[in-house]
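Here is how the chains run, residue by residue.
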Amino acid sequence: MTRIALSLDRAEAEKLEGYDEVFLWDGSATDSFKSKLRPSLPTFGSVGGVNADFVRIALAVYASDHTVLRESKGSEWNQRSFELTVPVSVPAKWAAQADSLRSLLGYLTGDTWSMAFVQSGLPDALPVMVKDTSLRTVLFSGGADSATGALVSAHSLGPHETHNLLSHSSSGATGAAQQLVTTRLNGHFGSKNSAHHRIFLARAKKRLDGTKFPKEPSSRSRSLLFLALGLAAAEQGGGPLWIPENGFASLNPPLGPERRGALSTRTTQPWFLWRVSSLLTAMEGHGSIINPFQHMTKGEMFRRVESILGADGASDYLSTTSSCSHTDQQYVGVPSGTHCGVCFGCIVRRASFKASGVVDQTWYLSNESSEKILDYVEKKSVMTAMRDFVELGVDEAVIMAMPLPPGYLARMALELSQKGMSELQDFLA
């Protein structure tokens, strides 16, 4: 059991005893996080207690997940055990939901979590007096799915309607990709009806005592922080939070027997989103979440972009997006964020371009001839696993093992999975 505490007060943090790690978030330049965002979330306006608490919980989970090392990799991942203490506005309210929260976190990361809540010293935010429930907020990562969501949202806006794009990054490469896609989006629709909130928030390298934090690279909870930030932004207008993700990837069918559990991110899994929404709504927070592409494959999403921008416009727009799972390409002499072409994200991207007929202008390292680059590509490749995955297929047994929210029929999940598998099969063949 690893005991971890998040503190919002430096004097308190320095006095805490009995914890394996203490994270301080007081908005100072020397706390445990690199960000201009302060704990009261003034960047978003007046955020209610429940949603502000959810951001602090998600940040504590992300920092813990990113710090406590796993003992091994791949199919031998160990299950870690966390005891997490977080300051919130109403501890008793969160304590009543501790079991639900623990279940959600376990599903997301594959670990066991226990939660303790203490009183936050921050003042309660004033409520927003006038809400506009037609205002939507769109999570915008710079990936192809989120870029499609931003485009479809912008295309649907009336002359006097607006939407918010919410981006989170923890590295410079991610932020650069988001800005590039935003520029292309504004080139089509202008920036008048769009507000883009760009949040940089990452764990610092050093503890308060100057020693270095460990760095666990397998973090599956960063997207939970993205979700919590998006809901905090959406809470201001009271409108829905769009989480654009192709429905096949959201279902998260396991790539192989060793990929069951949290080896693939589950933050957009329909059941998970439903449980988060239900949890926050039960606590009288803002939990309105929509995945507008829940029943579409990525190839179908690309065809939707083509229907709006035309063939050339869709090719230019989608080719600027970022899908690669890796950010360490600088070690082979190319810019960080360059597509490898052989990771799960790249393979699904390439299959979707082919399925949609949209021309792919992306530069993939797998097409290069440099020995150094090809060695890098070989180490990153999941091509063999993907071919095995396609050959094995997704059947009723796989679908029945998935948790699904009310109203999402197993038959619908099976049909969507088979369409997604068909796109992959056509590309890998």
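Data block above holds the structure.
Below: a short report on this structure. All chains use their own residue numbering, which begins from 1 and follows the written sequence. Residues qualify for local features only when their pLDDT is at least 70, as the model is predicted, and side-chain atom pairs are given and counted only at 80 or more; totals for whole chains, interfaces and linings, by contrast, use all residues. The side-chain numbers reported here are obtained from all heavy atoms of the structure, hydrogens and water having been left aside.

### Remarks on the sheet that holds strand S7 (residues 163–169)
Part 1 of the reasoning: Strands sit in the order S8-S7-S6-S10-S11 across an open sheet of five strands; the sheet is parallel. Because the sheet does not close on itself, it has two edges, and the strands there are strand S8 (194–200) and strand S11 (289–290).
Part 2 of the reasoning: Should DSSP find at least two bridges between two strands, the strands are regarded as paired. Elements are defined by DSSP. Helices are runs of H or I of four residues or more, strands are runs of E of two residues or more, and each kind is numbered from the N terminus. Note: strand S6 (residues 136–139) against S7, four bridges, orientation parallel. Bridged to Arg-136 within S7 is His-163.
Part 3 of the reasoning: Between two residues, a contact is recorded if the distance between any of their heavy atoms is within 4.5 Å. Working convention: axes come from line fits to C-alpha atoms, limited for helices to the stretch in contact. Angles between N-to-C directions cover 0 to 180 degrees. Its contacts with the sheet put helix H7 (residues 222–234) on S6, S7, S8, strand S10 (241–242) and S11, and the angle it makes with S7 is roughly 150 degrees.

### Re a positive patch on the surface
Part 1 of the reasoning: Patch building starts from residues that exceed 30% relative accessible area and form no salt bridge, then joins like charges within 9 Å and nonpolar side chains (Val, Leu, Ile, Met, Phe, Trp, Tyr) within 5 Å. In these tables, accessible area is a Shrake-Rupley quantity obtained with a 1.4 Å probe, and a residue counts as shielded only by the protein chains included in the view. Salt bridges, as used here, are contacts in which a Lys or Arg side-chain nitrogen is within 4 Å of a carboxyl oxygen on Asp or Glu. Note that His is not counted, nor are the chain ends; the positive residues are Lys and Arg, and the negative ones are Asp and Glu. Just so you know, the charge point we use is NZ for Lys, CZ for Arg, CG for Asp and CD for Glu. A grouping of Lys-34, Lys-205, Lys-206, Lys-212 and Lys-215 is seen on the molecular surface, where their side chains present a positively charged patch.
Part 2 of the reasoning: Mapping Lys-212 onto the fold places it in the loop between strand S9 (202–203) and H7.
Part 3 of the reasoning: For every residue, the accessible area (1.4 Å probe, protein chains only) is compared with the maximum for its type, and the residue is labelled buried under 20%, exposed over 50%, or partly exposed between those bounds. Using a relative accessible area of 61% as the deciding quantity, one classes Lys-212 as exposed.

### Observations regarding the packing of aromatic side chains
Part 1 of the reasoning: For Phe, Tyr and Trp, where Trp contributes only its six-membered ring, two rings pair if their centres lie within 6.5 Å, and the inter-plane angle classes them as stacked under 30 degrees, edge-to-face over 60, or tilted in between. Under the counting rule described, the total for this entry stands at eight aromatic pairs.
Part 2 of the reasoning: Taking 6.4 Å as the distance between ring centres and 70 degrees as the angle between the ring planes, the aromatic pair formed by Trp-25 and Phe-33 counts as edge-to-face.
Part 3 of the reasoning: Accessibility expressed as a relative area gives 1% for Trp-25, which makes it buried.
Part 4 of the reasoning: A relative accessible area of 4% means that Phe-33 is categorised as buried.
Part 5 of the reasoning: An angle of 20 degrees between the planes, with centres 6.4 Å apart, marks the rings of Tyr-107 and Phe-272 as stacked. Taken together, the positions of Tyr-107 in helix H4 (residues 98–109) and Phe-272 in helix H9 (residues 270–282) put the pair 165 residues apart, joining distant regions of the chain. Like Tyr-107, the residue Phe-272 is buried in the burial classification.

### Some words on the pattern of salt bridges
Part 1 of the reasoning: Tallied over the entire structure, the rule returns 14 salt bridges.
Part 2 of the reasoning: The shortest N-O distance in the salt bridge between Asp-111 and Arg-80 comes to 2.8 Å. Taken together, the residues Asp-111 in the loop between H4 and strand S5 (112–119) and Arg-80 in the loop between helix H2 (49–67) and strand S4 (81–88) connect sequence positions 31 residues apart. Each member of the pair, Asp-111 as well as Arg-80, is classed as buried.
Part 3 of the reasoning: Several salt bridges converge on common partners, so that one network encompasses Asp-65, Arg-70, Arg-80 and Asp-111.

### A word on H4
Part 1 of the reasoning: In a helix, the anticipated span is given by 1.5 Å times the number of residues less one. Its 12 residues give H4 an end-to-end C-alpha distance of 16 Å, which sits within 8% of 16 Å, the value for a rise of 1.5 Å per residue.
Part 2 of the reasoning: For H4, the set of buried residues is Ala-98, Leu-101, Leu-104, Leu-105, Tyr-107, Leu-108 and Thr-109.
Part 3 of the reasoning: Buried-residue contacts for H4 involve H2, helix H3 (91–95), S5, H7 and H9.
Part 4 of the reasoning: Gly-110, located one to two residues past H4, shows a positive phi value of around 80 degrees.

### A look at the sheet that holds strand S2 (residues 21–24)
Backbone hydrogen bonds hold the strands of a sheet together, and the pairing may be parallel or antiparallel.
Part 1 of the reasoning: Pairing within the open sheet is parallel, and its four strands lie in the order S2-S1-S4-S5. Each having just a single partner strand, S2 and S5 make up the two edges of the open sheet. Each strand axis lies, on average, 20 degrees off the axis of its neighbour in the sheet, ignoring direction.
Part 2 of the reasoning: Here strand S1 (residues 2–7) runs beside S2; their pairing, made up of four bridges, is parallel. Residue pairing across strands places Leu-6 opposite Phe-23, the latter belonging to S2.

### A short note on the nonpolar core
Part 1 of the reasoning: What is meant by a nonpolar core is a set of buried Ala, Val, Leu, Ile, Met, Phe, Trp, Tyr and Cys residues, joined one to another through side-chain atoms within 4.5 Å. Counting 61 residues, the largest nonpolar core has Phe-44, Trp-94 and Leu-227 as its most contacted members.
Part 2 of the reasoning: Elements with a contribution of two residues or more to this core: S1, H2, S4, H4, S5, H7 and H9.
Part 3 of the reasoning: Looking at this core element by element, the count peaks at 11 residues for H2.
Part 4 of the reasoning: Ignoring anything within four residues of it in the chain, the contact list for Leu-227 reads Leu-139, Leu-241, Ile-243, Thr-267, Phe-272, Leu-273, Val-276 and Ile-289.
Part 5 of the reasoning: Ala-150, Val-181, Leu-318 and Phe-353 belong to the second largest nonpolar core, which has 57 residues in total.

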